[in-house]
Amino acid sequence: MAKTTEFRVTRPLRRSPSHPGELMREIIEEQLHMPVAEAAQRMQISRQSLYAVLNGESAVTAEMALRFGKLTGGEPSLYVQMQGRHDLWQAEQRLGPTLRAIEAVS
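These figures come from a predicted structure and were not determined experimentally.

Asker: What am I meant to see in the packing of aromatic side chains here?
Answerer: The description of an aromatic ring pair rests on the distance of the ring centres and on the angle between the ring planes. Enumeration over the complete set of coordinates arrives at one aromatic pair. With 5.1 Å between their ring centres and 85° between their planes, F68 and Y79 make a pair best called edge-to-face. Residue F68 is found in helix α4 (residues 62-72), and its partner Y79 is found in helix α5 (residues 76-101); the two are separated by eleven residues along the sequence. Considered together, F68 and Y79 belong to a single accessibility category, that of buried residues.

Asker: Just checking my understanding: could you explain the packing of helix α2 (residues 36-43) against α4 for this structure?
Answerer: To characterise two packed helices, one gives the angle between the axes of the helices and the distance between these axes. As a packed pair, α2 and α4 sit with axes 10 Å apart at the nearest point and diverge in direction by 105°. In terms of orientation, α2 and α4 fall into the roughly perpendicular class. Where α2 approaches α4, its residues A39, R42 and M43 are matched on the opposing element by M64, R67, F68 and L71. Looking at the contact of α2 with α4 residue by residue, the class counts come to five nonpolar, no polar and two charged.

The rules behind these values
- Residues numbered from 1 in each chain as written.
- Predicted model: local features only at pLDDT ≥ 70, side-chain atom pairs only at ≥ 80, totals over all residues.
- Heavy atoms only, no water.
- Phe/Tyr/Trp six-rings, centres within 6.5 Å; stacked < 30°, edge-to-face > 60°.
- Helix = DSSP H or I, 4+ residues; strand = E, 2+ residues; numbered from the N terminus.
- Buried < 20%, exposed > 50% of the residue type's maximum accessible area, 1.4 Å probe, protein only.
- Axes fitted to C-alpha atoms, helices over the stretch in contact; angles between N-to-C directions.
- Parallel < 35°, antiparallel > 145°, perpendicular 65-115°, else oblique.
- Contact = heavy atoms within 4.5 Å.
- Nonpolar A, V, L, I, M, F, W, Y, C, P; charged D, E, K, R; others polar.

Listed below in structure tokens is the structure:
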């Protein structure tokens with residue numbers, strides 16, 4: 001039986017959670033092999049709107065998640081949850097000093 005080597009992490013792994021558009025792009029391009037324009041047409045949204053989400057420039061709304069879930073047969077709540085984690089992490093980074101200065105109620 002081969003011995004598994006363990007590597008210790010010596011620095012914190014603090015990176016932004018992935019924007020759900022990254023996963024959506026991967027599904028459209030690599031799994032469905034579908035042009036983005038066709039995906040947008042099937043979802044009944046503009047190509048520009050879909051590109052904005054796929055490029056991380058726009059948030060995945062509940063409506064977008066439902067449309068994408070219908071297109072792919074996936075679970076819409078996954079994309080909404082990913083967006084929430086992404087947004088929360090970004091806000092925490094922006095508000096870091098302010099949050100540290102807030103005294104919690106005992």
